[in-house]
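The chain contents come next:
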Amino acid sequence: MIANDMPMAKPAYRDANVLRWLVAYTLSLIGDGVYFVALAWTAEKVAGPAEVGLVMAAGSVPRAVLMLFGGVLADRIGPRRLVIGSDAARCLIMFGLAAAIAMLAPGLWLLVVVALVFGAVDALFVPAVGALPPRVAPASELARVVGMRGLALRLGNNMAGPGLGGVVMATTGSAGTFAVAGVLFALSLPLLVAVRLAPLSPKGEEETAEASGTAWRDLVEGLRYARRHPVVGPLLLSGALSEFGLNGLFNIGMVLLTSDRGWGAGGQGALIASLGVGSAASAALLAVKGRLPRAGAVQNGTLLVASVTLGAVVFAPSLAWAAAFMALGGAVAGICGGLAQALIQTAADPHYIGRVTSLMGLTSLGIGPMCYPLIGAAVSQWGLTPVFLTGAGISCLGAVVGLSAAAVRKAELPRNGADLAA
């Protein structure tokens, strides 16, 4: 258990310690957005449009493969050390690449190498930064922290990062844009160093023996722990099914839908923006309200509603109706995702939180993209409507998995700072 001695009366959005973590996290997200814009445009200039996909995909391979071991390291050496070290490494990578581009004519190989290295470092950073919320806020404030994190994701990764990257790329070129990404990572470092973490309780004899084993043993123990946990296991499986069902519809299906309906790239942008607005609204709700009663049942109920709503986009008679479906689906899905993260992080044993967090990250970064090739092939074979309905059905199955677990249906977020027992 975490010996969480933080002031309980203070909401997370007024807690200086939480805000330090949040600002550092937001700066890193903006840096990520700037980096990806710079990488894509530099690849296009160096090699051409066909190679952009190769460079952008290169980083996802080590990120997915090494993510679980990043969770193991977060539990073995502590998330603070790992998040500070990996963020410092990302900063150095950006400055080094900026210098190389300024002095040399970069080749495609250099961009691929940087993408691979950055993806490997990201595999350490993502589970470590995700494991910090239970250590910076009491359990009763985790839902607020998750909501604030959701707002940071929308602001930093989806809006400010790409926007800033585009402006800097147009005015200073590749070297300047990578340097700006490095500066953003550098600015987050002192804030991360200043974040105060609540200590973990002493480990029992069995946990100490586990920690002295190999990293592989720790990984296997983490997988076994997640599978057996009455709340964590069903929620992870439910999330994996929903990601597999809906992720491809968001990223590939919407392109094909807008093309088929004649709404064009502007229509696709409107749908994605509507989804983002809905998600941001639900994140703000969680950040302000903090706790929703009957959180486990509500989480899976909202997953069911979100699955049906987003699948129904294919029946929208106009772009305006489709945007409305997307906004509603995004809002409901945002509540679902926020509650899932809060429930998992309050239910999981803190000594396993890095490994559990890495499993959550792998679900979205690894399992979701697996369906991308299937979506295009399926639409070509059967058309849009069956594919959208199938994706929504798979996601609905995730809700059924969650609701079928009694521990999940009865799961509640704590009313005070006491951690939930695993």
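Predicted model, so just to flag it, every value in this text is computed and none were measured.

I'd like a rundown of the side chain of Ser-86, residues and numbers included.
You can see Ser-86 is positioned in helix α4 (residues 79-103). We classify Ser-86 as buried; its relative accessible area is 5%. A distance of 3.3 Å separates a polar atom in the side chain of Ser-86 from the backbone oxygen of Val-83. When neighbours within four sequence positions are excluded, Ser-86 is seen to be in contact with Val-121, Leu-124 and Phe-125.

Please give an account of the pattern of salt bridges that cites residues and values.
If charged atoms from side chains of opposite charge come close, those side chains can pair. In total, this model carries nine salt bridges according to the counting rule given. Two residues, Asp-218 and Arg-76, come together in a salt bridge whose shortest N-O distance is 2.4 Å. Remark: Arg-76 occurs in helix α3 (residues 60-77) and Asp-218 occurs in helix α9 (residues 215-228); sequence separation between them is 142 residues. Owing to a relative accessible area of 4%, Asp-218 belongs among the buried residues under this scheme.

Run through the packing of aromatic side chains, naming residues and quoting values.
What the rule picks out here adds up to eight aromatic pairs. Seen from their ring centres, Tyr-35 and Phe-178 are 6.3 Å apart, and the 55 degrees between their planes marks the pair as tilted. Of this pair, Tyr-35 sits in helix α1 (residues 16-46) while Phe-178 is found in helix α7 (residues 142-194), placing the two residues 143 residues apart along the sequence. Each member of the pair Tyr-35 and Phe-178 is classed as buried. Taken together, the ring pairs in this structure connect Tyr-35, Phe-36, Phe-118, Phe-178 and Phe-185 into an aromatic cluster. Here the basic side chain of Arg-90 rests over the ring of Phe-125, its NZ or CZ set 4.0 Å away from the ring centre.

An account of empty space enclosed by the protein is needed here, citing residue identities and associated values.
The final tally for this structure, using the stated rule, is two cavities of 30 Å³ or more. Here the second largest cavity is characterised by a volume of approximately 30 Å³. The residue inventory of the lining of the second largest cavity, partitioned by class, reads five nonpolar, no polar and one charged.

Tell me about the environment of Gly-267, and please be specific about residues and values.
Examined against the element boundaries, Gly-267 turns out to sit in helix α11 (residues 264-289). The sequence separation of Gly-267 and Ala-323 amounts to 56 residues, and the corresponding C-alpha distance is 8.8 Å. Excluding residues that lie within four positions of it along the chain, Gly-267 makes contacts with Thr-258 and Leu-319.

Any details on the nonpolar core? Residues and values, ideally.
Soluble globular proteins: nonpolar side chains tend toward being buried together. If you look at the biggest cluster of nonpolar residues, it comprises 31 residues, and the most contacted ones within it are Val-232, Leu-236, Leu-339, Ile-344, Val-356 and Leu-413. With six residues, the top contributor of residues to this core is helix α13 (residues 319-347). The residues contacting Leu-339, other than those within four sequence positions of it, are Leu-286, Leu-292, Ala-295, Val-298, Gln-299 and Leu-413. The next biggest cluster of nonpolar side chains, apart from the first, holds 27 residues, and it includes Ile-30, Leu-39, Ala-58 and Phe-118.

Hey, could you go over the confidence of the model for the chain for me, with residue numbers and the actual values?
Per-residue confidence for the chain gives a mean pLDDT of 84, with 90% of residues at or over 70. Mean pLDDT values over the elements of the chain span from 42, in helix α8 (residues 205-211), up to 93, in α4. Taken together, the stretch residues 416-422 has pLDDT below 50 and engages in 24 contacts with residues farther than four places along the chain or on a different chain.

Just give me the short version of the packing of α7 against α13, but keep the residues and values in it.
Taken N-terminus to C-terminus, the directions of α7 and α13 make an angle of 135 degrees; their axes are 9 Å apart at the nearest point. One element, α7, and the other, α13, form an angle in the oblique class. Like other packed secondary-structure pairs, α7 and α13 cross with a definite hand, here right-handed. The residues of α13 that touch α7, namely those facing Leu-142, Ala-143, Val-146 and Arg-149, are Gly-338, Gln-341, Ala-342, Gln-345 and Thr-346. Looking at the contact of α7 with α13 residue by residue, the classes come out as four nonpolar, four polar and one charged.

Can you tell me about the layout of surface pockets, naming the residues and giving the values?
The space that makes up the second largest pocket amounts to roughly 190 Å³. Around the second largest pocket, the lining is made up of 13 residues, and of these Ile-375, Val-387, Thr-390, Gly-391 and Ile-394 lie nearest the centre. For the lining of the second largest pocket, the secondary structure elements donating two or more residues are α10 (232-261), α15 (372-382) and α16 (384-404). Considered class by class, the residues forming the lining of the second largest pocket number 10 nonpolar, three polar and no charged.

Can you explain α3? Please cite residues and give values.
If you check α3, its first and last C-alpha atoms are 24 Å apart, about what 18 residues at 1.5 Å a residue would give, namely 26 Å. Its maximal kink placed at Met-67, α3 deviates by approximately 50 degrees. Among the residues of α3, Pro-62, Arg-63, Met-67, Leu-68, Gly-70, Gly-71, Val-72, Ala-74 and Asp-75 are the ones counted as buried. Phi turns positive one or two residues past the end of α3, at Gly-78, with a value near 100 degrees.

Requested: an account of a nonpolar patch on the surface, with residues and values cited.
Together, Val-61, Val-65, Leu-66, Phe-69 and Trp-216 make up a nonpolar patch on the protein surface, roughly 480 Å² of accessible area in all. Looking at the nonpolar patch element by element, the count peaks at four residues for α3. Within the secondary structure, Leu-66 sits in helix α3.

Conventions adopted
- Residues numbered from 1 in each chain as written.
- Predicted model: local features only at pLDDT ≥ 70, side-chain atom pairs only at ≥ 80, totals over all residues.
- Heavy atoms only, no water.
- Helix = DSSP H or I, 4+ residues; strand = E, 2+ residues; numbered from the N terminus.
- Buried < 20%, exposed > 50% of the residue type's maximum accessible area, 1.4 Å probe, protein only.
- Polar contact = N/O pair within 3.5 Å; in protein donor to acceptor, adjacent residues only side chain to side chain.
- Contact = heavy atoms within 4.5 Å.
- Salt bridge = Lys/Arg side-chain N within 4 Å of Asp/Glu carboxyl O.
- Phe/Tyr/Trp six-rings, centres within 6.5 Å; stacked < 30°, edge-to-face > 60°.
- Lys NZ or Arg CZ within 6 Å of the ring centre and 35° of its normal.
- 1 Å grid on protein atoms, 1.4 Å probe; cavity = no way out; pocket = protein on both sides within 12 Å on 5 of 7 lines; lining within 4 Å.
- Points joined across faces, edges and corners; volume = space filled by probe spheres on them.
- Nonpolar A, V, L, I, M, F, W, Y, C, P; charged D, E, K, R; others polar.
- Core = buried A, V, L, I, M, F, W, Y, C linked by side-chain atoms within 4.5 Å.
- pLDDT = per-residue confidence, 0-100.
- Axes fitted to C-alpha atoms, helices over the stretch in contact; angles between N-to-C directions.
- Parallel < 35°, antiparallel > 145°, perpendicular 65-115°, else oblique.
- Left-handed = near helix turned anticlockwise from the far one by under 90°.
- Expected span 1.5 Å × (residues − 1).
- Bend = angle between axes of the 7 residues up to and from the residue.
- Patch = residues over 30% accessible without salt bridge, like charges linked within 9 Å, V, L, I, M, F, W, Y side chains within 5 Å.
- Areas by Shrake-Rupley, 256 points an atom, 1.4 Å probe, with all protein chains shown as cover.

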